[in-house]
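Residue-level listing of the chains:
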Amino acid sequence: MYRTHTCGELRIADAGKQVTLAGWVQRSRKMGGMTFVDVRDRYGITQIVFNSESDAALNDAAAKLGREFVIQVTGLVRERESKNKNIPTGDIEIIAQQLNVLNESATPPFTIEDDTDGGDDLRMKYRYLDLRRAAVRKNLELRHDICQKIRTYLSDLKFLEVETPVLIGSTPEGARDFVVPSRMNPGQFYALPQSPQTLKQLLMVAGFDRYFQIVKCFRDEDLRADRQPEFTQIDCEMSFIEQEDILNVFEGLMKTLFREVKGIDFNEPFLRMTWQDAMKYYGSDKPDLRFGMKFVEIKDIMQGHGFSVFDGAEYIGAICAKGAAHYTRKQLDALTDFVKRPQIGAKGLVYARVEADGSVKSSVDKFYDQASLQSLKERMQAEAGDLILIICGPNAMKARKQLCELRLEMGNQLGLRDKNKYACLWVIDFPMYEWSEEENRLMAMHHPFTSPKPEDYGLLDSDPASVRANAYDMVINGVEVGGGSIRIHDAVLQAKIFKILGFTPEKAQQQFGFLMNAFKFGAPPHGGLAFGLDRLVSLFAGLDSIRDCIAFPKNNAGRDVMLDAPAPLDQKQLDELELAVLAKDVK
Ligand code: ASP
């Protein structure tokens, strides 16, 4: 037997037992005639004591152990004199009787401790060593736990886990596809699924009624911090349901996860907010509701006082930062610089402080008398000690997005975005379409299979941009953790939606004929959603980056630095695929 116990298992009640452990040397230190070795495995760390008085040869062997050597030790469990309260095995130690070196180790390139000295790149290159660190391992354990609970919850509700193919056809709607050349069909390519969207809908046509899958999805999107080209979704679909049923089932799932994983009970239903309101009051379709600072429109108060910046603005909105009137000139200048950053793009920032005596002092005092500033204070429901921050602009949507960035930044600065607090909501009634400057046409805001709200059908021809969709997102702490919609299940309506999206009937048939055909054979009403597992786990673990809950993630440039992928292909492989590489700067 390699081991009788794991390195995290032994307690004071085991004192006196002879045990055998196996694991990695975390550290070893000599103290007089003794050598103390901490041996580690997935389950924990146990202290082993080698004593030169009782066995000099054994102690010599222990002294030669290097970090990360793999060892097997047999010995007697005994109560420790100086206990270590920080680890579960800290009450005991093992007096070694036998040591077996199972494998040696080169000196690891960084310390395998919670607080490692390894930089990001080094840790990714030696990810298998990084994964030995408890801090990283815990995230993967949490991921497993969350997946288990999801499977149990959904299986109990009769959802079936069905695998869908990874080699499918390309669908240019949406993000860019990753493609795979087919050797047997020269010049032809598979695409990796951006999501199993159409396949899960076909499973509904097939009568599966309730489907889920914890599934890899692939999107060749432009690089953005903390985005992975491959990621995992909890993909779900249901038949014979309405939006309300879906919201209930998946709100139930999230509440179960919170209760069972974090011990947090949400007794109230999740807040529901229309997309319109989310944009109006928070400038975002994923508002962080851990704190207030709801937008207030103040155009009527601020215009007509000779301040040309405001007078020419289409939108003037403000937030009230409670108790932030102490912000110094320097801090306010830094905030102004923040909103003027090219990524945010505001022209400037106007502020007004409510002084202790209730009077208001603003950065544009010369245009406003105290009476107008008092109406501003009233509108903002501001009190002594509060700071009002104002953003304006020629385009209401853009100005709101800028104000949203400012609000989040103030939330950070004032410590209002507490990682241990969770604010969950559904954003509902998304628009069906959004205008794409790049493509110069309407694009589906969610995807082309989302159904319009029946009460908006009449607008599909006359004013498609104002049609609302049966689409919903679940948002937690400003993160979109999941989203979905009630689908179209009628071939005629689906064809009409493709037409509005600029597809010719031929093109729609060529790309989505399989789905529209299926709809002719008795498609049930259906709908669903998908959660982003990586984001969900990061949120539960309080991580800043989704990479930390993925075993082998890619870096921000989309590379796997451990496997050194992507990489050029051998000429032989290219020849077999009948492919030629045109890229000039292949390294
Ligand atoms: N397939 C969608 C997505 O990946 C989710 C859904 O509508 O179910 O965003």
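Residues numbered from 1 in each chain as written. Predicted model: local features only at pLDDT ≥ 70, side-chain atom pairs only at ≥ 80, totals over all residues. Heavy atoms only, no water.

Draft legend 1. Local environment of the overall build of the protein. Per the secondary structure count, the protein includes 17 helices and 22 strands. For the protein, the C-alpha atoms occupy an extent of roughly 90 × 75 × 55 Å along the three principal directions. When each of the 587 residues of the protein is scored for burial, the buried share is 48%. For the protein, the computed accessible surface area is about 29,500 Å², with 51% contributed by carbon and sulfur atoms. One way to put it: in the protein the 75 positive side-chain charges average out to a point 2 Å from where the 84 negative ones average out. (Helix = DSSP H or I, 4+ residues; strand = E, 2+ residues; numbered from the N terminus. Buried < 20%, exposed > 50% of the residue type's maximum accessible area, 1.4 Å probe, protein only. Areas by Shrake-Rupley, 256 points an atom, 1.4 Å probe, with all protein chains shown as cover. Lys, Arg positive; Asp, Glu negative; His and termini not counted. Charge placed at Lys NZ, Arg CZ, Asp CG, Glu CD.)

Draft legend 2. Helix α10 (residues 329-340), seen in detail. Compared with an ideal rise of 1.5 Å per residue, which puts twelve residues at 16 Å, α10 spans 16 Å between its outermost C-alpha atoms and is within 8% of the ideal. Those residues of α10 that sit buried are L332, L335, T336, F338 and V339. With its buried residues spanning 155° around the axis, α10 presents them on a single face. Relative to its buried face, α10 has exposed residues pointing more than 90 degrees away, namely R329 and K330. Taken together, the buried residues of α10 touch β14 (350-354), β16 (387-393) and α12 (396-413). (Expected span 1.5 Å × (residues − 1). Arc of directions from axis to C-beta. Contact = heavy atoms within 4.5 Å.)

Draft legend 3. Region of the structure containing the sheet that holds strand β20 (residues 471-476). Strand order in the open sheet formed by eight strands is β6-β9-β10-β22-β21-β20-β17-β11, and the pairing between neighbours is mixed. Lying at the two open borders of the sheet, with one neighbouring strand each, are β6 (160-161) and β11 (271-274). When strand β21 (residues 479-486) meets strand β22 (residues 526-532), the two strands line up antiparallel, connected through five bridges. For I486, the partnering residue across the bridge sits in β22 and is G527. With respect to the sheet, helix α16 (residues 533-541) is in contact with β9 (210-218), β10 (230-239), β20, β21 and β22, its orientation differing from that of β10 by roughly 105°. (Pairing = 2+ DSSP bridges. Axes fitted to C-alpha atoms, helices over the stretch in contact; angles between N-to-C directions.)

Draft legend 4. How the structure looks around the side chain of R353. Relative to the helices and strands, R353 resides in strand β14. Buried and unpaired, R353 has E355 as its nearest opposite-charge partner, separated by 5.0 Å. Within the structure, the side chain of R353 is placed 2.8 Å from the backbone oxygen of Y327, a separation counted as a polar contact. Apart from the residues lying within four places of it in its own chain, the contact partners of R353 are A325, Y327, T328, R329, L332, S359, V360, K361, D386 and L387. (Salt bridge = Lys/Arg side-chain N within 4 Å of Asp/Glu carboxyl O. Polar contact = N/O pair within 3.5 Å; in protein donor to acceptor, adjacent residues only side chain to side chain.)

Draft legend 5. Structural view of the site of the ligand. With respect to spatial proximity, 13 residues lie near the ligand, and among them Q197, K200, H446, H447 and R487 are the closest. For the ligand, an oxygen atom lies 2.9 Å from a polar atom in the side chain of H446. Notes on the ligand: free accessible area 270 Å², of which the protein chains cover 88%. Looking at the shell around the ligand, the elements with two or more residues in it are α5 (197-205), β21 and β22. (Near = heavy atom within 4 Å.)

Draft legend 6. Expanded view of the pairing of strand β5 (residues 92-103). As judged from the two bridges shared by strand β3 (residues 44-51) and β5, these two strands associate in the parallel manner. If you follow V49 over to β5, its bridge partner there is I95. In terms of strand pairing, strand β4 (residues 70-79) meets β5 through ten bridges, oriented antiparallel. Each bridged residue has a counterpart across the sheet, and for Q72 the counterpart in β5 is N100.

Draft legend 7. Fine view of the pattern of salt bridges. As enumerated under the stated definition, the model contains 45 salt bridges in all. Across the pair E141 and R137 runs a salt bridge, and its minimum N-O distance is 3.2 Å. With E141 and R137 both in helix α4 (residues 134-156) and four residues apart, the pair spans about one turn of that helix. The class of R137 is buried, set by a relative accessible area of 15%. Taken together, the salt bridges that share partners define one network made up of D120, R123, R127, D130, R133 and R547.

Draft legend 8. Representation of the sheet that holds strand β13 (residues 315-321) within the structure. The sheet built from five strands is open, its strands ordered β12-β13-β16-β14-β15 with antiparallel pairing. Of all strands in the sheet, those bounded by a partner on one side alone are β12 (296-297) and β15 (360-362). Alignment of β13 against β16, held across seven bridges, turns out to be antiparallel. Residue pairing across strands places I316 opposite C392, the latter belonging to β16.

Draft legend 9. Seen up close, the packing of aromatic side chains. For the structure shown, the criterion picks out 15 aromatic pairs. Between the aromatic rings of F498 and F503, the centroid separation amounts to 5.2 Å while the plane-to-plane angle is 55°, which identifies the pairing as tilted. Just as F498 is buried, F503 falls in that class too. Members of the aromatic cluster, each reached through a chain of ring pairs, are F258, F266, F270, Y422 and F540. Taking NZ or CZ as reference, R407 lies 4.0 Å from the ring centre of F291, over its face. Its guanidinium or amino end placed over the ring of F503, K507 lies 4.9 Å from that ring's centre, counting from NZ or CZ. (Phe/Tyr/Trp six-rings, centres within 6.5 Å; stacked < 30°, edge-to-face > 60°. Lys NZ or Arg CZ within 6 Å of the ring centre and 35° of its normal.)

Draft legend 10. Representation of the nonpolar core within the structure. With 40 residues, the main nonpolar core has I146, F250, M254, W426, I476 and F531 as its most contacted residues. The element contributing the most residues to this core is helix α6 (residues 243-262), with eight residues. If we ignore the near neighbours within four places in the chain, the residues touching F531 are T232, Q233, I234, F250, L253, M254, M474, V481 and G482. (Core = buried A, V, L, I, M, F, W, Y, C linked by side-chain atoms within 4.5 Å.)

Draft legend 11. View of α16. For α16, the tally of buried residues reaches seven of nine residues, placing the bulk of the element in the interior. Looking one or two places after α16, you find G542, whose phi comes out positive at around 70°.

Draft legend 12. Expanded view of the pairing of strand β8 (residues 188-191). Here four bridges tie strand β7 (residues 179-182) to β8, and the two strands are oriented antiparallel to one another. Considered in β8, the bridge of S182 is made with Q188. Where β7 folds back onto β8 in an antiparallel hairpin, the turn is made up of five residues, including G187, whose phi is positive at roughly 80°.

Draft legend 13. Region of the structure containing the environment of P505. Residue position: P505 is located in helix α15 (residues 505-519). Here the alpha-carbon distance between P505 and A495, two residues ten residues apart in the chain, equals 7.5 Å.

Draft legend 14. Region of the structure containing the packing of α5 against α15. It is the contact of α5 with α15, at a shortest axis distance of 10 Å, that shows an interaxial angle of 20°. Here α5 is positioned roughly parallel relative to α15, judged by the angle of their axes. Seen along the crossing, α5 lies across α15 with a hand that is left-handed. Counting all contacts with α5, which are made through T198, Q201, L202 and V205, the residues of α15 involved are F514, L515, A518 and F519. (Parallel < 35°, antiparallel > 145°, perpendicular 65-115°, else oblique. Left-handed = near helix turned anticlockwise from the far one by under 90°.)

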